[in-house]
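Analysis of the macromolecular model
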Amino acid sequence: MDNARSLTTQILQDENAKLYVTNFGIDGETVYVKDSAATKNIENLQSHANLVDADLEAVSGAVAGVRKDFSELEAKIAKGDVAYVKEYGAVGDGTTDDSAAIQAAMDSGNSVIMFNPGKYKVKTTIRIPSYKHVMGYGAKIVYAGDDSGACFINAADGTTGGYTANTQIRIEGITFDCANAKATIIALGHTENCAIVQCFFEHLRAGHFVELNACKNTVVEQCYFYDYSDPTNFEATEMLEIDGAYAQNTFPFFGPYDATPCLACKITNCVFENPRLPGTLDDTENVRAIGNRTDSSNKHTGIEISHNFFNNIGMCMRFANIQSSTISKNYQNNGYAFYYNAINSENNDLTISENKLFGTKIDYSGHNPYYYGCSGIAIGNSSRTQVINNRLGGFKDSGIHGGTSSVVISGNSVQICGFRGIDFSNNVSGLCSNNECYGSGQGSTANIPYDLVFLNNATGAYNVITGNRCGRIHFLGSTNWDVFTNNTATTTLETAGAASVIHGNIQDGTWTA
């Protein structure tokens with residue numbers, strides 16, 4: 001544009017010589033004009049130059065518009081592939097229903113869905129497509145939907161089964177206020193490679209904070225689950241459920257019901273806490289942190305539950321269906337039970353190790369023995385299960401109980417339980433070794449309330465009980481070839497069993513035959 005102006009900036013006239021001089025501004029070239037016709041041509045050139053100048057002005061405006069567009073694009077690039085829910089109409093004042101705006105953000109095509117700090121009321125279930133990172137540090141979602149409904153679910157089509165309905169969904173940093181509902185807050189089904197991280201869940205009366213149903217490679221990590229169940233009406237089940245696509249009554253949100261179990265899921269570094277223990281011991285099984293209630297031949301496999309903290313939870317875990325899984329390095333404070341294998345459920349190949357478990361430490365008088373819902377670790381009909389290196393005490397029933405075949409109970413420390421420390425009865429080909437058990441049998445003098453009890457009526461048993469250090473031991477090997485050796489009882493040692501090998505044990509400092 002400056003060159004166009006210089007094209008006609010200066011016309012010099014020498015009146016005597018009739019010489020017109022102009023500088024066109026092109027490489028400093030000077031043009032000499034001697035007649036009026038040429039002068040007219042110069043005037044025409046000047047007119048054209050003005051038109052060029054106008055065109056350049058228009059071009060300049062267009063460039064400014066392009067620059068503005070690029071500035072907006074640069075801002076979007078700086079922001080990343082992000083949809084902020086408030087950009088889609090969410091208010092975040094805690095009273096306006098923001099469901100439609102949140103769903104619009106989910107459907108926007110952006111990979112990251114961001115909740116601005118605020119309080120978002122949700123009345124309608126939000127469906128999350130694949131490849132979404134839903135984040136909301138400083139944001140709280142208040143569930144206002146129907147009981148038995150859901151707050152967040154994956155956007156499955158209802159016909160794709162296995163683990164392929166959705167993938168790569170991550171929910172992070174959001175607080176969910178369940179507002180005393182009886183619902184499911186996050187439900188994932190037929191998914192893989194998903195995560196729920198650093199979320200806070202509170203005030204749910206029944207249903208589940210989280211349900212993993214037919215999920216693969218899914219992680220729940222660093223989440224806080226607080227205030228679950230109604231102290232006056234125990235309809236609660238599990239804070240976090242691990243279940244399969246078995247039937248509509250187990251997962252009502254969508255199908256198909258192809259019996260797909262969970263595979264390779266992990267719950268770690270979470271806190272499960274209630275402000276109080278559930279009302280009575282009879283309510284224990286109705287207030288659980290983690291577990292399921294549906295048995296199936298399609299077992300949940302490769303589940304890891306580790307490094308979690310449980311406080312004021314009736315029963316930390318109850319499983320009707322799990323196998324080849326690990327429960328380790330958890331801490332329980334003030335609860336009725338830690339792990340409970342549902343009656344008649346064959347949950348095999350488990351490793352329960354290095355947990356620190358402390359029960360209610362309540363008055364044990366009037367206790368009804370065999371109330372396994374109040375045992376520390378009750379593995380029931382499990383086979384090929386290891387219970388090793390745990391520290392536990394203060395449970396109303398037994399510290400460790402159960403097992404059927406090839407069970408290993410080793411290296412555990414069990415203190416002051418109401419009925420028995422370790423009950424290793426009715427196993428086949430099992431090993432009970434190097435455990436320490438003292439101070440149990442507090443609640444009853446009936447049914448042999450000792451620190452270590454072995455009552456075996458199984459056929460072809462061949463168990464080994466060795467290296468245990470206890471206060472009171474009762475061993476009844478019956479007619480099976482069980483081995484009882486190198487055990488120490490500080491007070492009472494009762495042994496029997498004609499076909500058993502009983503040798504080299506110590507009672508109150510004295511070797512026995």
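Residues numbered from 1 in each chain as written. Predicted model: local features only at pLDDT ≥ 70, side-chain atom pairs only at ≥ 80, totals over all residues. Heavy atoms only, no water.

Notes on the overall build of the protein chain
The number of helices and strands found in the protein chain is three helices and 47 strands. Out of the 513 residues belonging to the protein chain, those deemed buried represent 52%. Within the protein chain, counting contacts between residues at least 6 apart in sequence, those at least 24 apart form 58% of the total. If you sum the accessible surface of the protein chain, you get close to 21,300 Å²; carbon and sulfur atoms cover 50% of it. (Helix = DSSP H or I, 4+ residues; strand = E, 2+ residues; numbered from the N terminus. Buried < 20%, exposed > 50% of the residue type's maximum accessible area, 1.4 Å probe, protein only. Contact = heavy atoms within 4.5 Å. Areas by Shrake-Rupley, 256 points an atom, 1.4 Å probe, with all protein chains shown as cover.)

Concerning a nonpolar patch on the surface
Together, Tyr462, Trp481 and Val501 give the surface a local cluster of nonpolar side chains, amounting to about 350 Å² of exposed area. Summarising the element assignment, Val501 is placed in strand E45 (residues 501–503). (Patch = residues over 30% accessible without salt bridge, like charges linked within 9 Å, V, L, I, M, F, W, Y side chains within 5 Å. Salt bridge = Lys/Arg side-chain N within 4 Å of Asp/Glu carboxyl O.)

A closer look at the packing of aromatic side chains
Under the counting rule described, the total for this entry stands at 20 aromatic pairs. Judged by centre distance (6.2 Å) and plane angle (80°), the ring pair of Phe310 and Phe338 falls under edge-to-face. Of this pair, Phe310 sits in strand E24 (residues 309–311) while Phe338 is found in strand E28 (residues 337–341), placing the two residues 28 residues apart along the sequence. Residues Phe310 and Phe338 agree in their burial class; the two are buried. Between Phe454 and Phe475, the aromatic rings sit 5.1 Å apart at their centres with planes inclined by 10°, giving stacked as the arrangement. Within this pair, whereas Phe454 is found in strand E40 (residues 452–455), its partner Phe475 is found in strand E42 (residues 469–476), the two being separated by 21 residues in sequence. Comparing Phe454 with Phe475 shows no difference in burial state: the two are buried. Every member of this aromatic cluster is reached through a ring pair, and the members are Phe152, Phe176, Phe201, Phe209, Phe225, Tyr228, Phe272, Phe310 and Phe338. (Phe/Tyr/Trp six-rings, centres within 6.5 Å; stacked < 30°, edge-to-face > 60°.)

Some details on unusual backbone geometry
Here the bond from Gly255 into Pro256 is cis, since omega is 0°, no more than 30 degrees from zero. Looking at where Pro256 falls in the secondary structure, it is placed in the loop between strand E19 (238–243) and strand E20 (266–268). The residue Asn180 is not glycine, and still its phi comes out positive at about 65°. With respect to the helices and strands, Asn180 occurs in strand E14 (residues 175–192). The class for Asn180 is partly exposed, based on a relative accessible area of 46%.

Description of the pattern of salt bridges
Under the defined criterion, the tally for this structure stands at eleven salt bridges. Through salt bridges with shared partners, a single network forms among Glu238, Glu241, Arg288 and Arg293.

Focus: helix H3 (residues 99–106)
Among the eight residues that make up H3, six are buried, leaving the element largely enclosed by the rest of the structure. Every buried residue belonging to H3 is among Ser99, Ala101, Ile102, Gln103, Ala105 and Met106, and all of these are buried. If you follow the buried residues of H3, they end up packed against strand E4 (82–84), strand E5 (93–97), strand E6 (112–114), strand E7 (118–122), strand E8 (126–128) and strand E9 (132–135).

Notes on the environment of Asp177
By the secondary structure assignment, Asp177 is in strand E14. For the pair Asp177 and Tyr120, spaced 57 residues apart in the sequence, the C-alpha separation amounts to 9.9 Å. Once residues lying within four places of it in the same chain are set aside, the contact partners of Asp177 are Lys140, Ile141, Val142, Tyr143, Glu202 and His203.

With respect to the side chain of Asp98
The residue Asp98 is located in the loop between E5 and H3 in this model. The buried charged residue Asp98 lacks any salt bridge partner; its closest oppositely charged side chain belongs to Lys86, at an N-O distance of 8.0 Å. Among the polar contacts listed, one links the side chain of Asp98 to the backbone nitrogen of Gly92, at a separation of 3.0 Å. Residues contacting Asp98, with those up to four places away along its chain left out, are Gly89, Ala90, Val91, Gly92, Lys119, Tyr120 and Lys121. (Lys, Arg positive; Asp, Glu negative; His and termini not counted. Polar contact = N/O pair within 3.5 Å; in protein donor to acceptor, adjacent residues only side chain to side chain.)

Regarding the environment of Glu494
Note on placement: Glu494 falls in strand E44 (residues 488–496). Residue class for Glu494 comes out partly exposed when judged on its relative accessible area of 29%. Between the C-alpha atoms of Glu494 and Val453, which are 41 residues apart in sequence, the distance is 9.6 Å. Apart from the residues within four sequence positions on either side, Glu494 is in contact with Tyr450, Ile473, His474 and Phe475. Among the polar contacts made by the side chain of Glu494, one reaches the side chain of His474 at a distance of 2.6 Å.

What about the pairing of E44?
Of the strand pairs in this sheet, E42 and E44 are connected by seven bridges, and their pairing is parallel. Note on E44: the bridge partner recorded for Arg469 is Thr488. With two bridges joining them, E44 and strand E46 (residues 506–507) adopt parallel strand pairing. Residue pairing in the sheet places Thr488 in a bridge with Ile506 of E46. (Pairing = 2+ DSSP bridges.)

Considerations on the confidence of the model for the protein chain
Of the residues in the protein chain, 76% reach a pLDDT of 70 or more, and the chain-wide mean stands at 84. Overall, residues 1–34 carries pLDDT values under 50, and its contacts beyond four positions in sequence, including any with other chains, amount to 56 contacts. The low-confidence segment residues 366–370 (pLDDT under 50) makes 14 contacts with residues lying over four places distant or belonging to another chain. (pLDDT = per-residue confidence, 0-100.)

Observations regarding the pairing of strand E16 (residues 200–216)
For E16, the buried fraction is high: 14 of the 17 residues fall into the buried class. Of the strand pairs in this sheet, E14 and E16 are connected by 13 bridges, and their pairing is parallel. Counted as the bridge partner of Glu192 is Lys216 from E16. The pairing of E16 with E19 spans four bridges and is parallel. Residue pairing across strands places Glu211 opposite Glu241, the latter belonging to E19.

Side note on the state of the cysteines
Within this structure, the stated rule accounts for zero disulfides. Left without a disulfide partner, Cys199 is nearest to the cysteine sulfur of Cys223, which lies 4.9 Å away. (Disulfide = S-S within 2.5 Å.)

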